[in-house]
Amino acid sequence: MSFFEITGRRRLSGSIGAHGAKNSVLPILAACVLAPGESVIENCPGLSDVAATVEILRGLGCRVGREGDVVTVDAACVEGGVIPEHLMREMRSSVIFLGAVLGRVGRAQMCYPGGCELGPRPIDLHLDALRKLGAEIREEEGVLHCRVPDRLRGCRLALPFPSVGATENAMLAACTARGVTTITGAACEPEIEDLQIFLNKLGARVHGAGTPVVTVEGVETLHPTRHRVMGDRIVAATYLAAVGAAGGEAEVTGVDPCHLATVLEVLEQAGCSLKSGGHSVRICSTGRLRGVRPIRTAPYPGFPTDAQAVTMAALAGGEGTTVFEENIFQSRYRHVSELARMGADIRLTGRTAIVTGAPLHGAHVCSTDLRGGAALVVAALAAEGTSRVGELHHIDRGYDHLEHALTQLGAQIERIN
Ligand code: UD1
């Protein structure tokens with residue numbers, strides 16, 4: 001069992017780059033399946049979710065290599081469409097392979113993803129979209145059997161909720177479908193734009209990503225390409241929250257500040273001074289944040305649910321009250337009871353959390369999920385004394401050696417195995 005040992009209340013300073021975005025690299029690696037030949041993906045972070053994605057690619061028959069942060073995927077030979085159950089369980093977002101595999105080989109099989117640490121994780125929107133595109137999908141004892149009798153065909157898809165994964169799955173499946181697909185009610189997250197850029201480099205014709213209407217003109221075949229994954233805005237938000245909470249002055253690079261607008265607004269209200277550059281944000285904080293107007297998570301461009309926990313951790317050690325409303329996932333407050341062990345004063349009622357700033361102290365805590373784990377690290381950096389944060393496998397899903405990045409900023413944090 002490994003854990004982080006963190007001694008808090010050290011001012012952070014220096015410059016740190018956000019690594020490649022998890023939520024961009026996963027669909028992009030899945031998209032490689034669509035193009036026979038070798039695609040090269042740069043800026044791939046060293047995450048356990050990327051390792052699981054690589055395992056799925058290999059299981060499908062792709063040859064995958066990695067050198068530093070460059071991953072090559074040779075999808076000359078994609079044989080089957082079976083995604084093993086243990087990988088589906090390890091990473092529920094592997095459902096994103098469905099659209100790509102159906103587009104390439106016309107059949108796929110995977111187990112139905114159950115609930116997870118964030119609550120129920122239905123995939124009805126994914127399946128509805130793929131069915132409308134012509135896939136036949138039946139569920140037998142928790143296993144989804146999917147096949148395309150002829151070829152996928154373009155259609156009009158209206159998503160009742162802007163699901164990120166369902167938008168991406170529909171885009172992937174539509175690339176080689178016959179005719180035009182229009183997705184209305186699409187999610188607008190920047191990672192979907194990155195996927196569009198990649199798909200168009202493969203020879204697809206996708207327009208409108210980043211807006212609620214995405215159009216895909218199906219093409220006969222795609223060809224491999226090279227692409228650099230965008231920087232991770234949630235990792236950047238985590239570094240900013242850490243500096244905000246611990247105090248100090250630092251620059252976070254490798255991210256478009258426009259993608260962080262709502263997070264930056266909150267940090268500014270909380271008393272940080274911020275300066276955005278082309279691809280960087282400079283933050284200066286006294287380390288004593290104050291309460292801000294209610295934070296309501298919402299689909300992009302709203303406040304990201306993925307930044308809720310780290311922001312809460314930063315404000316919990318400050319002064320004044322902030323109300324959080326979590327509107328995307330049902331059970332995304334599991335970090336709250338762990339933060340309470342560090343002295344946080346947080347009252348939970350349904351989807352609302354009322355945070356009243358209080359001095360935090362070191363404690364032994366356990367990560368409950370990916371972003372919840374990062375939140376505990378942020379709180380520990382702000383807390384008086386030494387903390388231990390366990391269950392690091394959650395954090396390693398989405399942060400490439402978080403301890404190295406924070407050490408670079410002068411934090412006292414060590415991974416102990
Ligand atoms: C993606 C991100 C995740 C982020 C989330 C919301 C990736 C790999 N993950 O997850 O980090 O927290 O967007 O910004 O990109 N829903 C349904 N039926 C469906 C699909 C979704 O009811 O078929 C619901 C979900 O249960 C959830 C909400 O819609 O309550 C949002 O989910 P979605 O946008 O699909 O998130 P993911 O793509 O899973």
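If you're wondering where the values come from, they're calculated on a predicted model, not measured in any experiment.

### Let's talk about the environment of asparagine 23
Inspection of the secondary structure assignment puts asparagine 23 in helix α1 (residues 22-31). Owing to a relative accessible area of 27%, asparagine 23 belongs among the partly exposed residues under this scheme. Along the backbone, asparagine 23 and valine 229 are 206 residues apart, and their C-alpha atoms lie at a distance of 9.8 Å. Beyond its immediate chain neighbours, meaning those up to four positions away, asparagine 23 contacts Glu168, Glu191 and Asp306.

### Some points on the state of the cysteines
Under the definition given, this model contains zero disulfides. No disulfide involves cysteine 146; its nearest neighbouring cysteine sulfur is the one of cysteine 111, lying 12 Å away. Residue class for cysteine 146 comes out buried when judged on its relative accessible area of 4%. The thiol of cysteine 155 is unpaired, and the distance to the nearest cysteine sulfur, on cysteine 175, comes to 13 Å.

### Some points on the pairing of strand β13 (residues 213-217)
Residues of β13 alternate between two faces, with Val214 and Val216 buried on one and Val213, Thr215 and Glu217 left unburied on the opposite face. Bridge count for strand β12 (residues 205-207) against β13 is three bridges, and the pairing is antiparallel. The partner of histidine 207 across the bridge, within β13, is threonine 215. Between β12 and the antiparallel strand that follows it, β13, lie five residues; glycine 208 among them carries a positive phi value of about 95 degrees.

### Here's the deal with the sheet that holds strand β1 (residues 3-7)
The strands that make up a sheet are held in pairs by hydrogen bonds between backbone atoms, and each pair lies either parallel or antiparallel. Sheet architecture is open: four strands sit in the order β22-β23-β1-β24, paired in mixed fashion. Two strands in the sheet have a free side with no partner beyond their single neighbour: β22 (364-366) and β24 (412-416). Averaged over all pairs of adjacent strands, the angle between their axes in this sheet comes to 20 degrees, without regard to strand direction. Direction of pairing for β22 relative to strand β23 (residues 386-390): parallel, over a ladder of three bridges. Note that in β23 the partner of valine 365 across the bridge is valine 389. Packed on one face of the sheet, helix α12 (residues 370-382) meets β1, β22, β23 and β24 and runs near 25 degrees to β1.

### Details of the nonpolar core
Note on soluble globular proteins: their nonpolar side chains tend to be buried together. By size, the foremost hydrophobic cluster in this structure holds 78 residues, and its most contacted members are Val33, Phe97 and Leu199. Beyond its immediate stretch of four places on either side in the chain, valine 33 contacts Leu57, Leu60, Cys62, Ala75, Val78, Phe97, Ala100, Val101 and Arg104. Ranked by size, the runner-up nonpolar core spans 74 residues in total, among them Val255, Ala313, Ala344 and Leu376.

### A few points about unusual backbone geometry
Here the residue pair tyrosine 300 and proline 301 is connected by a cis peptide bond, since its omega of 10 degrees sits within 30 degrees of zero. Along the chain, proline 301 turns up in the loop between β18 (295-296) and α10 (308-316). Its identity is not glycine, yet glutamate 391 carries a phi of approximately 55 degrees, on the positive side. Assignment of secondary structure puts glutamate 391 in the loop between β23 and α13 (392-396). The phi angle at histidine 401 is positive, at roughly 50 degrees, despite the residue not being glycine. Structurally, histidine 401 can be placed in the loop between α13 and α14 (402-408).

### Points about the domain arrangement of the protein chain
Interface size is often expressed as the accessible area that is lost when the parts come together. Domains assigned within the protein chain are domain 1 (3-18 + 231-416) and domain 2 (22-228). Taking only C-alpha atoms into account, the centre of domain 1 sits 30 Å from that of domain 2. Across the boundary between the two partners, domain 1 contributes 22 residues, which contact 18 residues of domain 2. Around 1800 Å² of area is buried between domain 1 and domain 2 when both sides are counted, 50% of it from carbon and sulfur atoms. For domain 1, the biggest contributors to the area lost against domain 2 are Tyr300, Phe329 and Arg397; these three give 32% of the whole. Summed over the shared surface of domain 1 and domain 2, the result is seven residue pairs in polar contact (both at pLDDT 80 or more). Secondary structure elements with two or more residues in the side of domain 1 that touches domain 2: α12 and α13. Taken together, the residues of the side of domain 1 that touches domain 2 break down into six nonpolar, six polar and ten charged.

### Notes on the site of the ligand
Close contacts around the ligand come from 19 residues, with Asp124, Leu125, Ser163, Asp306 and Ile328 the closest. With respect to the ligand, the backbone of proline 122 contributes an N or O atom lying 3.4 Å from an oxygen atom. Between leucine 125 and the ligand, the recorded distance is 2.7 Å, taken from a backbone N or O atom to an oxygen atom. Burial of the ligand by the surrounding chains reaches 83%, relative to a free accessible area of 740 Å². The greatest single-element share of the shell around the ligand, amounting to three residues, is contributed by helix α5 (residues 124-132). For the shell around the ligand, the per-class residue count stands at eight nonpolar, six polar and five charged. Residue contributions to the shell around the ligand reach at least three from each of two domains, namely domain 1 (3-18 + 231-416) and domain 2 (22-228).

Criteria and cut-off values
Residues numbered from 1 in each chain as written. Predicted model: local features only at pLDDT ≥ 70, side-chain atom pairs only at ≥ 80, totals over all residues. Heavy atoms only, no water. Helix = DSSP H or I, 4+ residues; strand = E, 2+ residues; numbered from the N terminus. Buried < 20%, exposed > 50% of the residue type's maximum accessible area, 1.4 Å probe, protein only. Contact = heavy atoms within 4.5 Å. Disulfide = S-S within 2.5 Å. Pairing = 2+ DSSP bridges. Axes fitted to C-alpha atoms, helices over the stretch in contact; angles between N-to-C directions. Core = buried A, V, L, I, M, F, W, Y, C linked by side-chain atoms within 4.5 Å. Domains from an automatic or database assignment. Buried area = accessible area lost by both parts, 1.4 Å probe. Polar contact = N/O pair within 3.5 Å; in protein donor to acceptor, adjacent residues only side chain to side chain. Nonpolar A, V, L, I, M, F, W, Y, C, P; charged D, E, K, R; others polar. Near = heavy atom within 4 Å. Areas by Shrake-Rupley, 256 points an atom, 1.4 Å probe, with all protein chains shown as cover.

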